[in-house]
Amino acid sequence: MIDINNVSYSYNDQVEALKNIELHISTGEAVAFIGANGSGKSTLMKLINGLIVPGEGTYIFDGEEITHKKLENESFSKSFHKKIGFVFQNSEAQLFCSNVYDEVAFGPRQMGLSEKEVDKRVKDTLELLKIQSLRNRQPYHLSGGEKKKVAIASVVALNPQVYVFDEPMNGLDPKTKRFLREFMITINNAGKTIICSTHDFEYIKDVFKRAVVFSDTHTIVRDGNYNDIMSDRNFLQQNNVI
Ligand SMILES: Nc1ncnc2c1ncn2[C@@H]1O[C@H](COP(=O)(O)OP(=O)(O)OP(=O)(O)O)[C@@H](O)[C@H]1O
Ligand SMILES: [Mg+2]
């Protein structure tokens, strides 16, 4: 489903963020991205979601190479964004509508659903995330954790095949973190692919079968069984993961 072939990326051709990344993710996998601050996790997630394209190497999603040109094509871009949903590390960068209802409705409306279907999806999603009371609020004025919940809801409402969560636990209270863990397990059991970066290991027990570890040289230093990697304390300490 996701094939990253020898990808490198630098911001403004100056700040190196990804170096020779080789990563293949199949449908239905649950993969954790772990690594120190600045190691490249968010950059790779942006690339997987088509917000940036490789400087070198190729990115193939569902058999199609993702390029600037393809993303500029409206129908390709729509079908790509229908399949993959991204919860940004910074929720403020994700929320742009004037109220929570429209924010959550945005994706389903883009997909061309009828207003009746949109309304059902929004209501179900707000209920699932227990944020019905926020429906008429301005996203900009919500608390940090509330913003995160709305950002998660806006992706859940799309019902994508692939969920990419960049530090989704940030700012959430313990109860909501536990909910999110259960939610990830449920959708993964239902066949959804999950890619998630986090430093919050306590709350993601038994969610991931695979971990990909990024180093401060912006390369992948290890890719393997989640539990094996998490029990290798020396390795994690050397790579500033713990
Ligand atoms: N918009 C940007 N412009 C310039 N440099 C950037 C930009 N975003 C990230 N970088 C740089 O790219 C590198 C990788 O950053 P990235 O955000 O991918 O790291 P990360 O692993 O997600 O870190 P964190 O754990 O702090 O979220 C860092 O050196 C960072 O300073
Ligand atoms: Mg990040």
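See the structure above.
Keep in mind that this is a model prediction, so the values were computed, not measured.

## Looking at the coordination of the magnesium ion (ligand 2)
Moving on, step 1. Here the magnesium ion (ligand 2) is held by the protein donor atoms Ser-42 (OG) and Gln-89 (OE1), which lie 2.0 to 2.2 Å from it. One end of the pair, Ser-42, is in helix H1 (residues 41-48); the other, Gln-89, is in the loop between strand E6 (84-87) and helix H4 (100-110), and 47 residues separate them in sequence.
Moving on, step 2. Note on Gln-89: relative accessible area 38%, which makes it partly exposed.

## Focus: the side chain of Asp-166
Moving on, step 1. Mapped onto the elements of the fold, Asp-166 is located in strand E7 (residues 162-166).
Moving on, step 2. The buried charged residue Asp-166 lacks any salt bridge, with Lys-41 as its nearest oppositely charged partner at 6.8 Å.
Moving on, step 3. In terms of polar contacts, Asp-166 uses its side chain to reach the side chain of Ser-42, at 2.6 Å.
Moving on, step 4. Polar side-chain contacts of Asp-166 include one of 2.6 Å to the side chain of Ser-197.

## Quick word on the packing of aromatic side chains
Moving on, step 1. The tally for this structure, following the rule as stated, stands at 10 aromatic pairs.
Moving on, step 2. With a centroid separation of 5.0 Å and 90° between ring planes, the pair formed by Phe-96 and Phe-106 is classed as edge-to-face. Here the residue Phe-96 occupies a position in the loop between E6 and H4, and Phe-106 occupies one in helix H4, the gap between them amounting to 10 residues.
Moving on, step 3. With a relative accessible area of 53%, Phe-96 lands in the exposed category.

About the thresholds
Every chain's residues receive numbers from 1 upward, in the order its sequence appears when written. To label them, take the chains in the order written and letter them from A, then take the ligands in the order written and number them from 1. Reporting of local features is limited, given that this is a predicted model, to residues whose pLDDT is at least 70; pairs of side-chain atoms are given and counted only at 80 or more, and all residues count toward the totals for whole chains, interfaces and linings. Computation of side-chain values: all heavy atoms of the structure, hydrogens and water removed. Water is not part of the atom set, so a site may look incomplete; the donors themselves are N, O and S atoms within 2.8 Å of the metal, or 3.2 Å for Na, K and Ca. For helices the rule is a DSSP run of H or I covering at least 4 residues; for strands it is a run of E covering at least 2, with both sets numbered from the N terminus onward. Relative accessibility under 20% of the residue-type maximum defines a buried residue, over 50% an exposed one, and the middle range a partly exposed one, all with a 1.4 Å probe and only protein chains included. His is not counted, nor are the chain ends, whereas Lys and Arg count as positive and Asp and Glu as negative. The salt bridge criterion pairs a side-chain nitrogen of Lys or Arg with a carboxyl oxygen of Asp or Glu, the two atoms within 4 Å. Any N or O atom pair separated by 3.5 Å or less is treated as a polar contact, with the protein-specific requirement of one donor-capable and one acceptor-capable atom, and with residues adjacent in sequence counted only for side-chain atom pairs. A pair of aromatic rings is counted whenever rings of Phe, Tyr or Trp (Trp by its six-membered ring) have centres within 6.5 Å, and the orientation is called stacked for planes under 30 degrees apart, edge-to-face for over 60 and tilted otherwise.

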